[in-house]
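# Commentary on secondary and tertiary structure
Okay, here's what each chain looks like letter by letter:
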Amino acid sequence: MDSTIALIGFGEAGSTFAAAAGWEGAARAFDVKSERRAAMIEAGAFVAESADDALAGAGLVLSLVTADAALDAARACAPQLAQGALFCDMNSVAPETKRAAAEVVARGAGRYVDVAVLAPVNPARMNVPLLVSGTAADEAAALLRQAGFANVRVVGEEVGRASAIKMIRSVMVKGIEALTAEMMLAANAAGVAEEVLASLDASEKAQSWFVRAAYNIERMETHGARRAAEMEESAKTLASLGVEPMMTDGTVRRQRAQAGHGIATPAKPEGTAA
């Protein structure tokens with residue numbers, strides 16, 4: 001086992017981390033989508049022909065695939081992990097999904113680590129908050145810091161603890177976005193968008209709702225499909241806790257419906273209070 005970093009998945013997160021950290025030759029990357037090879041080359045990462053090729057001898061493995069592929073990625077990688085390699089599952093999935101992946105990895109030579117990414121990787125990049133849990137959490141946190149991650153915190157030895165924090169937090173974060181979309185659709189249909197946003201501004205001054213509404217809508221338009229998949233995992237988390245995910249189920253549908261679709265949001269009128 002060596003100091004090579006293996007990246008399984010090279011979408012927004014993988015490409016952002018590789019470019020920001022300057023891993024270059026120290027990173028071996030694989031993605032099932034061949035069109036992402038250009039991004040690997042641009043980041044200076046070694047372009048692996050297969051997951052096995054990327055994993056060969058790697059001491060730190062970052063799994064950065066889509067939520068629905070997280071468990072399959074663990075299954076595919078587990079037999080090929082080097083002795084003692086740390087498999088950092090950084091995907092946004094439910095705690096039970098992480099625990100199932102951990103069981104798969106435990107059958108091989110590697111060690112499983114639950115890592116929760118608490119904010120968008122852009123613009124935070126290597127400063128994005130990471131929560132780490134699992135029996136090898138302390139060692140993984142040290143290696144993640146060594147790799148350039150600047151905001152890493154260990155939250156316990158239990159696999160699923162980090163992801164539970166992430167999934168339950170997402171109920172609020174993504175739920176507010178989904179409620180924003182629903183509000184703006186109704187406000188536009190009624191022709192009262194400016195009045196609605198202005199009334200919200202009058203009652204809450206932390207940030208203009210003209211700004212917040214536009215931001216929330218853009219997040220869903222750009223990332224709605226991925227966020228819907230994540231919120232399905234949040235719904236599973238709530239259900240496992242005995243909480244019926246009524247609003248969260250609706251958030252899944254709204255996030256997915258808004259993927260690729262914007263909603264008109266008026267600009268803040270000049271001369272109005274901040």
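Structure shown above.
Residues numbered from 1 in each chain as written. Predicted model: local features only at pLDDT ≥ 70, side-chain atom pairs only at ≥ 80, totals over all residues. Heavy atoms only, no water.

### A closer look at the packing of helix α5 (residues 95-106) against helix α10 (residues 209-240)
Taken N-terminus to C-terminus, the directions of α5 and α10 make an angle of 95°; their axes are 8 Å apart at the nearest point. With respect to their mutual orientation, α5 and α10 come out roughly perpendicular. Contact residues: α5 offers P95, E96 and T97, while α10 offers E233, K236, T237 and S240. The residue inventory of the contact of α5 with α10, partitioned by class, reads one nonpolar, three polar and three charged. (Axes fitted to C-alpha atoms, helices over the stretch in contact; angles between N-to-C directions. Helix = DSSP H or I, 4+ residues; strand = E, 2+ residues; numbered from the N terminus. Parallel < 35°, antiparallel > 145°, perpendicular 65-115°, else oblique. Contact = heavy atoms within 4.5 Å. Nonpolar A, V, L, I, M, F, W, Y, C, P; charged D, E, K, R; others polar.)

### A closer look at the pattern of salt bridges
Summed over all chains, the structure comprises 16 salt bridges. Between R226 and E12 there is a salt bridge, and its shortest N-O distance comes to 3.9 Å. Of this pair, R226 sits in helix α10 while E12 sits in helix α1 (residues 12-21), and the two are 214 residues apart along the sequence. For R226, a relative accessible area of 43% gives the class partly exposed. (Salt bridge = Lys/Arg side-chain N within 4 Å of Asp/Glu carboxyl O. Buried < 20%, exposed > 50% of the residue type's maximum accessible area, 1.4 Å probe, protein only.)

### Section: unusual backbone geometry
Cis geometry is found at the peptide bond from N122 to P123, where omega equals 10°. Relative to the elements of secondary structure, P123 occurs in helix α6 (residues 121-124). Backbone geometry at E24 places phi at a positive 45°, although glycine is not the residue there. Tracing the chain through its elements places E24 in the loop between α1 and β2 (27-30). Given a relative accessible area of 48%, E24 falls into the partly exposed group. Although it is not a glycine, R125 adopts a positive phi angle of roughly 55°. A relative accessible area of 38% means that R125 is categorised as partly exposed.

### Some remarks on the layout of surface pockets
Size it by volume and the largest pocket reaches roughly 1,000 Å³. Taken together, 45 residues make up the lining of the largest pocket; nearest its centre are E12, A13, V65, S92 and R226. Breaking the lining of the largest pocket down by element, the ones donating at least two residues are α1, α4 (70-77), α8 (161-190) and α10. For the lining of the largest pocket, the element with the highest residue contribution is α10, accounting for eight residues. Classifying every residue of the lining of the largest pocket by side-chain character gives 24 nonpolar, eight polar and 13 charged. (1 Å grid on protein atoms, 1.4 Å probe; cavity = no way out; pocket = protein on both sides within 12 Å on 5 of 7 lines; lining within 4 Å. Points joined across faces, edges and corners; volume = space filled by probe spheres on them.)

### Points about the packing of α8 against helix α9 (residues 193-203)
Across the interface, α8 lies against α9 with an axial gap of 8 Å and an inter-helix angle of 135°. Judged by the inter-axis angle, α8 sits oblique to α9. On α9, the residues touching M183, M184, A187 and N188 of α8 are A193, V196, L197 and L200. A class-by-class count of the residues in the contact of α8 with α9 yields seven nonpolar, one polar and no charged.

### What to know about the side chain of N216
Within the secondary structure, N216 sits in helix α10. Owing to a relative accessible area of 6%, N216 belongs among the buried residues under this scheme. Residues contacting N216, with those up to four places away along its chain left out, are I176, E177 and T180.

### Concerning the environment of Y215
Mapped onto the fold, Y215 is located in helix α10. Separated by 129 residues in the primary sequence, Y215 and L86 place their C-alpha atoms 36 Å from one another.

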